[in-house]
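# Structure at a glance
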Amino acid sequence: MLKIRLYDRNDLEEIVQLWYKTWHETFPNIQHPQLYSAWKSRFRDDLAVKGEIWVAEVESHIVGFVVVIKEEQYLSQIFVNPEYQNCGIGSALLNKAKKICPEGLTLQTLQQNTRACIFYEKHGFKAGKLTVNKINGQPNIEYYWKLEI
């Protein structure tokens, strides 16, 4: 049974492990420039401070999370454990993000992340400008969503 709940500081290690592992499984051909310790520091000292974080749990195990920077209407991170993808968890997390920012959201993903691009477009996001990821130097694509009235 899926449970979506607010992040707790005690979730840090489990979330960062999921984030790091999922990113590297999604992009096996990219050598990320940062060590695991930098991912952990970024999550704890930046994302968890600025963002609203919701966690997806199945049987008390974290299987996904979303980070929304409400003031910027920015979906900073959304990750689901590959073993739990295509089960509605990403959709549930994305819908939570839309409720946090009902007036609209932007996000960025790597251009080569075609599964994510299809997922966002399926959920009403439109492709925007092309950029470069500041952390890993890879080509990004920006997506935006606005509530249609």
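Before going into details, it helps to say that this report is about the structure given with it.

Quick notes on the rules
Residues numbered from 1 in each chain as written. Predicted model: local features only at pLDDT ≥ 70, side-chain atom pairs only at ≥ 80, totals over all residues. Heavy atoms only, no water. Helix = DSSP H or I, 4+ residues; strand = E, 2+ residues; numbered from the N terminus. Rg over C-alpha atoms; globule rule 2.2 N^0.38 Å. Contact = heavy atoms within 4.5 Å. Areas by Shrake-Rupley, 256 points an atom, 1.4 Å probe, with all protein chains shown as cover. Core = buried A, V, L, I, M, F, W, Y, C linked by side-chain atoms within 4.5 Å. Buried < 20%, exposed > 50% of the residue type's maximum accessible area, 1.4 Å probe, protein only. Axes fitted to C-alpha atoms, helices over the stretch in contact; angles between N-to-C directions. Parallel < 35°, antiparallel > 145°, perpendicular 65-115°, else oblique. Left-handed = near helix turned anticlockwise from the far one by under 90°. Nonpolar A, V, L, I, M, F, W, Y, C, P; charged D, E, K, R; others polar. Phe/Tyr/Trp six-rings, centres within 6.5 Å; stacked < 30°, edge-to-face > 60°. Lys NZ or Arg CZ within 6 Å of the ring centre and 35° of its normal. Arc of directions from axis to C-beta. Salt bridge = Lys/Arg side-chain N within 4 Å of Asp/Glu carboxyl O.

This paragraph deals with the overall build of the chain. Across its full length, the chain carries 4 helices and 7 strands. Over its C-alpha atoms the chain spans a radius of gyration of 15 Å, differing by no more than 12% from the 15 Å that the globule rule assigns to 149 residues. With respect to the principal axes defined by its C-alpha atoms, the chain has extents near 40 × 35 × 30 Å. Counting contacts in the chain only where the partners sit at least 6 residues apart, residues at least 24 apart contribute 59% of the total. Summed over its atoms, the accessible surface of the chain is roughly 8500 Å², and 51% of this surface lies on carbon and sulfur atoms.

If you look at the biggest cluster of nonpolar residues, it comprises 24 residues, and the most contacted ones within it are Val-66, Leu-75, Leu-105, Tyr-120 and Phe-125. At the level of elements, strand 2 (52–58), strand 3 (61–69), strand 4 (74–80), helix 3 (89–100), strand 5 (105–110), helix 4 (114–122) and strand 7 (139–145) are the ones that each hand at least two residues to this core. The element best represented in this core is helix 3, accounting for 5 residues.

At a minimum axis separation of 10 Å, helix 1 (residues 12–26) and helix 2 (residues 36–50) run at an interaxial angle of 125°. Accordingly, the angle class assigned to the pair helix 1 and helix 2 is oblique. In this structure, helix 1 crosses over helix 2, and the sense of that crossing is right-handed. The residues of helix 2 that touch helix 1, namely those facing Leu-12, Glu-13, Ile-15, Val-16, Gln-17, Trp-19, Tyr-20, Trp-23 and His-24, are Tyr-36, Trp-39, Lys-40, Arg-42, Phe-43, Arg-44 and Leu-47. Of the residues contributing to the contact of helix 1 with helix 2, the split by class is 10 nonpolar, 2 polar and 4 charged.

The subject of this paragraph is the packing of aromatic side chains. Using the criterion set out here, one finds 14 aromatic pairs in the structure. Aromatic pair Trp-23 and Phe-27: ring centres 4.9 Å apart, planes at 55°, arrangement tilted. The same class applies to Trp-23 as to Phe-27, namely buried. The rings of Tyr-7, Trp-19, Tyr-20, Trp-23, Phe-27, Tyr-36, Trp-39, Phe-43, Phe-65 and Phe-79 are connected pair by pair, giving a single aromatic cluster. The positively charged end of Lys-96 is found above the aromatic ring belonging to Trp-54, 3.9 Å away from the centroid.

So, about helix 4. Turning to helix 4, its buried residues number three or more, namely Ala-116, Cys-117 and Tyr-120. On an axial view of helix 4, the arc spanned by its buried residues comes to 100°, and they lie on one face. Set apart from the buried face of helix 4 by more than 90 degrees, the exposed residues are Arg-115, Ile-118 and Lys-122. Contacts made by the buried residues of helix 4 are with strand 4, helix 3, strand 5 and strand 7. Positive phi appears at Gly-124, one or two residues downstream of helix 4, with a value of about 90°.

All told, the structure shown has 6 salt bridges when counted by the stated rule. Residues Lys-50 and Asp-46 are paired through a salt bridge, measuring 3.3 Å at the closest nitrogen-oxygen approach. Of this pair, Lys-50 and Asp-46 are both found in helix 2, 4 residues apart, which corresponds to roughly one turn of the helix. On the basis of relative accessibility, which here comes to 44%, the residue Lys-50 falls in the partly exposed class.

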